[in-house]
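# Observations on chain architecture
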Amino acid sequence: MAAMRKLQMCAVSPTGKHSASVIFLHGSGDTGQGLRAWVRDVMVPDLAFSHIRVIYPTAPARPYTPMRGALSTVWFDRYKISRDCPEHLESIDAMCSTLESIIQDEVNAGIPKRRMIIGGFSMGGAMALHLACRYHPDVAGVFALSSFLNKDSVAFQAVEERHTAGLSLPDLFQCHGTSDDLVLHQWGEDTSVLLRKVGMTTTFHSFPGLYHQLSQPEMELLRSWILNKLPPATPS
């Protein structure tokens, strides 16, 4: 097995004592720096906190089947951009292992997983769902913006098995534009419905007229949700 590559990333440090972390995964073809710049453009004054570190990793370039095998910074491969095909599990699971190092770095810095949130935009949201539902269900929450899971995703089975066993699951926060013509609003809504059906607590926000993009109202809702899940640590 090839040695695991360390992912490139950028981060927004907290203005005060670091007591929680958010890992925010970009969409296909983007970078951590690109997503961080987009968030800063959309949000005034910025997605920054007194106690939370926000981490924007970059996916390594790999051949991407929907682009006829051209190299792209994607978290995993897809057979096609559709809900109705199998998942490319080999690449999904390999990236879950690679992203593990970022989570472990935060744990090593004194941040327990219950003080972490994993999320993403588009493909980054799907990657976050695999990470949180299958590998790190003890995180504080997961968010998926303009994202979907394939209809037979192994993530649904993983959630159902944990729920049936009486084990805890992270809450899910989703946002999706009704005019999204790349990842259809219905795909995002169906993902929410199916995860709720197998036992996950989900919140789904629709944004009328929004395309496959971020918006300030959406990001303000996300900021509030993050602060609700990761409030400032109380002095012991």
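Our subject is the structure that appears above.
Residues numbered from 1 in each chain as written. Predicted model: local features only at pLDDT ≥ 70, side-chain atom pairs only at ≥ 80, totals over all residues. Heavy atoms only, no water.

### Quick notes on the overall build of the chain
- For the chain, the count of helices and strands is six helices and nine strands.
- The C-alpha atoms of the chain give 17 Å as radius of gyration, which agrees with the globular expectation for 236 residues (18 Å, within 12%).
- The C-alpha extent of the chain, read off along each of the three principal axes, is 50 × 40 × 35 Å.
- Expressed as a percentage of the 236 residues in the chain, the buried residues total 53%. (Helix = DSSP H or I, 4+ residues; strand = E, 2+ residues; numbered from the N terminus. Rg over C-alpha atoms; globule rule 2.2 N^0.38 Å. Buried < 20%, exposed > 50% of the residue type's maximum accessible area, 1.4 Å probe, protein only.)

### Section: the sheet that holds strand β7 (residues 141-145)
- Strands sit in the order β1-β3-β2-β6-β7-β8-β9 across an open sheet of seven strands; the sheet is mixed. In the strand order of this sheet, the two ends are held by β1 (9-12) and β9 (202-207), each with one partner. Each strand of the sheet is rotated relative to its neighbour by a mean of 15 degrees, with strand direction disregarded.
- By the bridge criterion, five bridges tie β7 to strand β8 (residues 171-177) in an arrangement that is parallel. Within β8, the position partnered with F143 by the bridge is F173.
- Those strands touched by helix α3 (residues 123-135) are β2 (20-25), β6 (116-121), β7 and β8, and its axis lies near 145 degrees from that of β6. (Pairing = 2+ DSSP bridges. Axes fitted to C-alpha atoms, helices over the stretch in contact; angles between N-to-C directions. Contact = heavy atoms within 4.5 Å.)

### Quick notes on the side chain of S19
- With respect to the element layout, S19 can be found in the loop between β1 and β2.
- Residues within four places of S19 in sequence aside, it is in contact with H51, I111, R115 and A233.

### Concerning the state of the cysteines
- In total, this model carries zero disulfides according to the counting rule given.
- Unpaired in this structure, C85 has its nearest cysteine sulfur neighbour in C96, at a distance of 17 Å.
- C96 takes part in no disulfide bond, and the closest cysteine sulfur, belonging to C133, lies 10 Å away. (Disulfide = S-S within 2.5 Å.)

### Points about the pattern of salt bridges
- Taken as a whole and judged by the stated rule, the model has nine salt bridges.
- One salt bridge in this structure joins R134 and D93, with 2.9 Å as the shortest N-O distance. Placement of R134 in helix α3 and of D93 in helix α2 (residues 89-108) is noted, with a sequence separation of 41 residues between them.
- On the basis of relative accessibility, which here comes to 23%, the residue D93 falls in the partly exposed class. (Salt bridge = Lys/Arg side-chain N within 4 Å of Asp/Glu carboxyl O.)

### Some remarks on the nonpolar core
- Grouped together as the largest cluster of nonpolar side chains are 38 residues, with contacts concentrated most on W75, L99, M127, L129 and L195.
- Going through the elements one at a time, β2, α2, β6, α3, β7 and α4 (154-164) are the ones with two or more residues in this core.
- Of all the elements, α3 adds the most residues to this core, at eight residues.
- If sequence neighbours within four positions are ignored, M127 has contacts with L25, W75, F76, I92, M95, C96 and L99.
- Residues V22, I117, L145 and I226 belong to the second largest nonpolar core, which totals 29 residues. (Core = buried A, V, L, I, M, F, W, Y, C linked by side-chain atoms within 4.5 Å.)

### What to know about the pairing of β2
- For β2, the buried fraction is high: six of the six residues fall into the buried class.
- Burial along β2 is two-sided: A20, V22 and F24 facing one way and S21, I23 and L25 facing the other are all buried.
- Pairing analysis gives four bridges linking β2 to strand β3 (residues 52-57), with the strands arranged parallel. Opposite I23, over in β3, you have I55 as the bridge partner.
- Crossover β2 to β3 through helix α1 (residues 32-42) is right-handed. (Right-handed = clockwise from strand over helix to strand, strands pointing away.)

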